[in-house]
Amino acid sequence: RTSISKMVQTKLYHKFVEGVPDASGKVFVITGTTSGTGNVAARTVAKLGGEAVLLNRKSDRSTKSLEAMKEDYPEGKFVPIECDLQSFESVKNAIAEIKSKYSSIYCLACNAGIMATPDKATVDGYDTQMQTNHLSHFLLVEDLMPLLEAGADAHGDARIVTHSSMGRDHCHTPNKGLEEKYFGKNGGNLGGDEIKMMRGGCFHRYFQTKLANSVHMYGLHNKLQESNSKIRAISAHPGGSKTGLDGHLDYGFFWNNVLKVLGPMMMQTSEDGAMGLIKGMMDPSAESGVLYGPKNSGSKGPPVPNPPKEYETDPKAIEMLWKTSTEAVAPFRA
């Protein structure tokens, strides 16, 4: 798979960033910046004069990543805060640290994610993928809302960006929609560890989390509009990006070799894949209630609006997500 990364070249990102305005005076809180799209987003914030608050769990990777960013952008403003998304207690502590450092923030970028990992529970009892990809981000959104409202007052608007994926359109449910069992304390009992190409329990759980990301955004947009908030709720998908998200996966001899051949034609770099995320975070033209990424949930291309599917804007799905997510994070709310 390393060979695919070397064969895929950045084509659109550099020209795209030329059109993104200066970010001086704005604070961007970003989850998952050690590699991939989050790393590109943090670097872009620094390049454009903004302050990047980096939420990552403590690891050698995050330490080395921060050192590399500081080396590449000596004048960049990087503020690391320890945050393990598989522990609500850790997220709660990160929120407290953010509030101790800032009275307002411009953007919360819910970028971090894991893909097709084993059927295990977090310390809180939830599926590792659902808690990492959605539930902990739900907690961050809810408790950082006052700082985002203050940011909107200061700058004219503020942003909450969720990072979905093409996987949101591949849920293995009758109506391709969300299923409540994935949001409860059922970690370790949600389909087992089978991995096939875009199938099997590991991918079923992943697709639910990525659909949760877009449903969360559409629900947020509705609520923010109802309260006349100046905060924009936006989502993005990175297409088929070489971010390292699938580095642990073994699809078997046949599919591994197919990917070696077809991968370079189907994939884009993490820089190109980050354009939708960055558009949501920083582009003045990015609209609330819109998901940006390669056209028609495609694997590569510029970030354009992707029209919502019925299962993304279904009021019952939004209601279920809010009820279960609120219950999950309630003991850890500030």
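Our subject is the structure listed above.
As the structure is a prediction and not an experimental result, all values here were calculated from the model.

### Considerations on the side chain of glutamate 51
In this fold, glutamate 51 is placed in strand E2 (residues 51–56). At 5.1 Å, lysine 77 is the nearest oppositely charged side chain to glutamate 51, a buried residue that forms no salt bridge.

### With respect to helix H6 (residues 128–155)
Along H6, the sharpest kink reaches roughly 55°, centred on methionine 145 and followed within four residues by the proline proline 146. Within H6, 21 of the 28 residues are buried, which leaves it mostly tucked inside the rest of the structure. Just beyond H6, the residue with positive phi is glycine 156, at close to 95°.

### Examining the sheet that holds strand E1 (residues 27–31)
The strand order across the open sheet built from eight strands is E3-E2-E1-E4-E5-E6-E9-E10, with neighbouring strands paired in mixed fashion. In this open sheet, the two edge strands, each paired with only one partner strand, are strand E3 (77–82) and strand E10 (304–305). Judged from the three bridges that link them, strand E6 (residues 231–236) and strand E9 (residues 290–293) form a sheet pairing that is parallel. Bridge pairing in E9 links isoleucine 234 to valine 290. This element, helix H4 (residues 60–72), spans E2 and E3 of the sheet and lies at about 170° to E3. Here helix H7 (residues 201–226) sits on the sheet and contacts strand E5 (158–163), E6 and E9; the angle it forms with E6, its principal contact strand, is near 160°.

### Looking at the pairing of E9
Successive residues of a regular strand alternate their side chains across the two faces of the sheet. Of the two faces of E9, the one lined by Val290 and Tyr292 and the one lined by Leu291 and Gly293 are each fully buried. Note: E9 against E10, two bridges, orientation antiparallel. Residue pairing across strands places glycine 293 opposite valine 304, the latter belonging to E10.

### Focus on the pairing of E1
In terms of burial, E1 is largely enclosed, as five of its five residues are buried. Of the two faces of E1, both are covered, the one formed by Val27, Val29 and Thr31 as well as the one formed by Phe28 and Ile30. Note that E1 and E2 share five bridges and pair parallel. Along E2, the bridge assignment pairs valine 27 with glutamate 51. Of the pairings in the sheet, the one linking E1 to strand E4 (residues 107–110) comprises three bridges and is parallel in character. Its bridge partner being in E4, valine 29 is matched across the sheet by leucine 108.

The rules we used
Residues numbered from 1 in each chain as written. Predicted model: local features only at pLDDT ≥ 70, side-chain atom pairs only at ≥ 80, totals over all residues. Heavy atoms only, no water. Helix = DSSP H or I, 4+ residues; strand = E, 2+ residues; numbered from the N terminus. Buried < 20%, exposed > 50% of the residue type's maximum accessible area, 1.4 Å probe, protein only. Lys, Arg positive; Asp, Glu negative; His and termini not counted. Salt bridge = Lys/Arg side-chain N within 4 Å of Asp/Glu carboxyl O. Bend = angle between axes of the 7 residues up to and from the residue. Pairing = 2+ DSSP bridges. Contact = heavy atoms within 4.5 Å. Axes fitted to C-alpha atoms, helices over the stretch in contact; angles between N-to-C directions.

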